[in-house]
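Observations on the model geometry
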Amino acid sequence: MAVSKNTPRERKVLMLFNQLLFTGKKCDLDDLARQYACPVKEVRKMLEIIRLSGIELIDVVEDGERGWVQLCHEASAERLMLPAEELARLVLCIDMIKRLLPDGLGYYIFKLSD
């Protein structure tokens, strides 16, 4: 999905969290600002929103003038390990919820699950 300046912050926060969670890559704050069509200050606000929602697994590292962010791998790996039975239930729940959401919204929220 293309991101523009008009994309709501809530959608950008979800996309950023998905990116950090599912890619596991270290991301440059300047690159994220370009990707999400906003200043670095706004990216930092989005990261703070993620932290305030109870996700305390984000590392922000300042390296001179550059900043990097990534999900802490050790902690996230422990939280993401699910037995096969629970994973099957989760997939079933995702499929059911997608059908209840307005057209198109399920795609943006669960695009990585397909």
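This text follows the structure it describes.
Computed from a predicted structure; not experimentally measured.

Concerning the overall build of the protein chain
A count of helices and strands for the protein chain gives six helices and three strands. In the protein chain, the succession of α and β elements from N to C terminus is α-β-α-α-β-β-α-α-α. Counting only residues that meet the buried cut, the protein chain has 29% of its 114 residues in that class. Of the roughly 7,900 Å² of accessible surface on the protein chain, 57% is carried by carbon and sulfur atoms.

Structural notes on the nonpolar core
If you look at the biggest cluster of nonpolar residues, it comprises 18 residues, and the most contacted ones within it are Leu16, Leu32, Tyr36, Val43, Leu47 and Val69. Taken together, the elements giving at least two residues each to this core come down to α1 (9-23), α2 (29-35), α3 (40-52) and β3 (66-71). Discounting chain neighbours no more than four positions away, the residues touching Tyr36 are Val3, Ser4, Lys12, Met15, Leu16, Gln19 and Met46.

Observations regarding the sheet that holds strand β2 (residues 58-63)
Think of a sheet as strands paired side by side through backbone hydrogen bonds, with each pair either parallel or antiparallel. Spatial strand order, β1-β3-β2: three strands in an open sheet with antiparallel pairing. Two strands close off the open sheet at either side, each with one partner strand: β1 (27-28) and β2. Note that β2 and β3 share six bridges and pair antiparallel. Its bridge partner being in β3, Val60 is matched across the sheet by Val69. Relative to β3, α1 is tilted by about 70 degrees, and along the sheet it contacts β1, β2 and β3. Along the sheet face, α3 touches β2 and β3 and points at about 150 degrees away from the line of β2.

Calculation notes
- Residues numbered from 1 in each chain as written.
- Predicted model: local features only at pLDDT ≥ 70, side-chain atom pairs only at ≥ 80, totals over all residues.
- Heavy atoms only, no water.
- Helix = DSSP H or I, 4+ residues; strand = E, 2+ residues; numbered from the N terminus.
- Buried < 20%, exposed > 50% of the residue type's maximum accessible area, 1.4 Å probe, protein only.
- Areas by Shrake-Rupley, 256 points an atom, 1.4 Å probe, with all protein chains shown as cover.
- Core = buried A, V, L, I, M, F, W, Y, C linked by side-chain atoms within 4.5 Å.
- Contact = heavy atoms within 4.5 Å.
- Pairing = 2+ DSSP bridges.
- Axes fitted to C-alpha atoms, helices over the stretch in contact; angles between N-to-C directions.

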